[in-house]
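If you want the building blocks of each chain, they are given just below.
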Amino acid sequence: MIQIKNSVQIAAMREAGRITGEALLVAREHVRPGVSTKELDDVIRHHIERRGAKPSFLGLYGFPGSACISINDEVIHGIPSKDRILCEGDIVKIDVGAFYKGYHGDSARTIPVGRVSCEAADLIAATKQSFYEALKAFKIGNRIGDIGHAVDSFVQSRGYSVVRRYVGHGVGRDVHESPDVPNFGTPGRGPRLCAGLVIAIEPMVNAGGFAVREEADGWTVKTADHSLSAHYENTVALTEDGIINLTEVESGE
Ligand code: MG
Ligand code: MG
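Note that the structure is a prediction, hence the values are computed from the model and not measured. (Residues numbered from 1 in each chain as written. Chains lettered and ligands numbered in written order. Predicted model: local features only at pLDDT ≥ 70, side-chain atom pairs only at ≥ 80, totals over all residues. Heavy atoms only, no water.)

> Would you mind going over the coordination of the magnesium ion (ligand 2) in detail, with residue names and values included?
Those donors, Asp106 (OD), His169 (NE2), Glu202 (OE) and Glu233 (OE), are the protein atoms that reach the magnesium ion (ligand 2), and they lie 2.1 to 2.2 Å from it. Counting gaps between the donor residues of the magnesium ion (ligand 2) yields the pattern D-x62-H-x32-E-x30-E. A separation of 3.1 Å is found between the magnesium ion (ligand 2) and the magnesium ion (ligand 1), which share Asp106 as a coordinating residue. Of this pair, His169 sits in strand β7 (residues 168–170) while Glu233 sits in the loop between β13 (229–231) and β14 (234–239), and the two are 64 residues apart along the sequence. Judged on exposure class, the residue His169 and its partner Glu233 are both buried. (Donors = N, O, S within 2.8 Å, 3.2 Å for Na, K, Ca; no water. Helix = DSSP H or I, 4+ residues; strand = E, 2+ residues; numbered from the N terminus. Buried < 20%, exposed > 50% of the residue type's maximum accessible area, 1.4 Å probe, protein only.)

> So what about the packing of helix α1 (residues 7–30) against helix α2 (residues 37–50)? Which residues, and what values?
In a packed pair of helices, the relevant descriptors are the angle between the two axes and the axis-to-axis distance. Following both chains from N to C, one finds α1 and α2 inclined at 145°, their axes separated by 9 Å at the closest point. Every pair of crossing elements has a handedness; the one defined by α1 and α2 is right-handed. Contact residues: Ile19, Glu22, Ala23, Val26, Ala27 and His30 in α1; Leu40, Val43, Ile44, His47 and Ile48 in α2. (Axes fitted to C-alpha atoms, helices over the stretch in contact; angles between N-to-C directions. Left-handed = near helix turned anticlockwise from the far one by under 90°. Contact = heavy atoms within 4.5 Å.)

> Give a detailed account of the layout of surface pockets, specifying residues and quantitative values.
Each pocket or cavity is described by its volume, and for the largest pocket that value is around 390 Å³. Lining the largest pocket are 22 residues; nearest its centre among them are Tyr61, His77, His169, His176 and Glu202. Among the elements of the structure, β7 and β8 (177–181) are those that each provide at least two residues to the lining of the largest pocket. The class makeup of the residues in the lining of the largest pocket is ten nonpolar, five polar and seven charged. (1 Å grid on protein atoms, 1.4 Å probe; cavity = no way out; pocket = protein on both sides within 12 Å on 5 of 7 lines; lining within 4 Å. Points joined across faces, edges and corners; volume = space filled by probe spheres on them. Nonpolar A, V, L, I, M, F, W, Y, C, P; charged D, E, K, R; others polar.)

> Tell me about the sheet that holds strand β10 (residues 204–206), residues and numbers included.
Spatially, β6-β10-β13 is the arrangement adopted by the three strands of the open sheet, whose pairing is antiparallel. Edge strands, defined here as strands with exactly one partner in the open sheet, are β6 (161–162) and β13. For β6 and β10, the ladder comprises two bridges, and the chain directions are antiparallel. Residue pairing across strands places Val162 opposite Val205, the latter belonging to β10. The sheet strands contacting helix α3 (residues 118–137) are β10 and β13, and the helix crosses β13 at an angle near 40°. (Pairing = 2+ DSSP bridges.)

> Report on the coordination of the magnesium ion (ligand 1), specifying residues and quantitative values.
Here the magnesium ion (ligand 1) is held by the protein donor atoms Asp95 (OD), Asp95 (OD), Asp106 (OD) and Glu233 (OE), which lie 2.0 to 2.7 Å from it. Residue Asp95 is classed as buried on the basis of its relative accessible area of 9%.

> Describe the environment of Thr220, and please don't skip the residues or the numbers.
Residue position: Thr220 is located in the loop between β11 (212–214) and β12 (221–223). Take Thr220: its relative accessible area is 6%, and that puts it in the buried class. Residues Thr220 and Leu60 lie 160 residues apart in sequence; the distance between their C-alpha atoms is 15 Å. Each residue touching Thr220, except ones within four places of it in the same chain, is listed here: Glu74, Ile76, His77, Gly78, Ile79, Arg213, Glu214 and Glu215. Of note is the side chain of Thr220, whose polar atom sits 2.5 Å from the side chain of Asp217. (Polar contact = N/O pair within 3.5 Å; in protein donor to acceptor, adjacent residues only side chain to side chain.)

> Tell me about unusual backbone geometry, and please be specific about residues and values.
The linkage connecting Ser178 with the following residue, Pro179, adopts the cis geometry, with an omega of 0°. Position of Pro179 relative to the elements: it lies in strand β8. Even without glycine at this site, Asn72 takes up a positive phi of about 55°. Mapped onto the elements, Asn72 comes out in the loop between β2 (67–71) and β3 (74–76). The partly exposed category is assigned to Asn72, whose relative accessible area is 22%. Despite not being glycine, His226 has its phi angle at roughly 65°, a positive value. Inspection of the secondary structure assignment puts His226 in the loop between β12 and β13.

Now the structure itself:
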């Protein structure tokens, strides 16, 4: 069932969202060649805890980290490790959630490590832009299928493909609530968008084909063809007065 939030609940979610966004900003400052994904995870956990919140993902379904950190052809759900060291030219996806005063925030960014190829930079930029294409369709009276169609048609126009097996979702007292928010869809289909809907819109975009494979660790998801993948996510609320981007605390990244 879709949990519609009132203005008081959305105000509370602003706080969880802000802490989530801050944690990503702090992590971004630590991204450089030679840093392990465990070090990034520690920085994220410390920030969230210092703000009096809890990492949403730590222990969620048994996940061992505070953030999912995935490199290059890893799409999502990478496990932070002291043995995974960032290298010049990598792209790293950091996916973070913070739980505060009863509500979660959920946000992800793809960050270049040092200088990256033009291909990688273009993929990162297109993935971010596909989120903003989705936001244009996030309006009262539209349907979930309009969001997915907006993402998929933009991504296809750039020659990339969207991951189909993993999708966005409602966010609230649980990190993952109804409805599912696929990054593909048919315009005019799916649940109707109404005021009080809070969802994570999170395009996962592959430079190659859409197929993905789960690794033997039971978590890490990689592109089947080993092409690069990028991720961009914010938790966004729909209100009578427009959209509130709950997890965006930076400008332009
Ligand atoms: Mg996320
Ligand atoms: Mg999410």
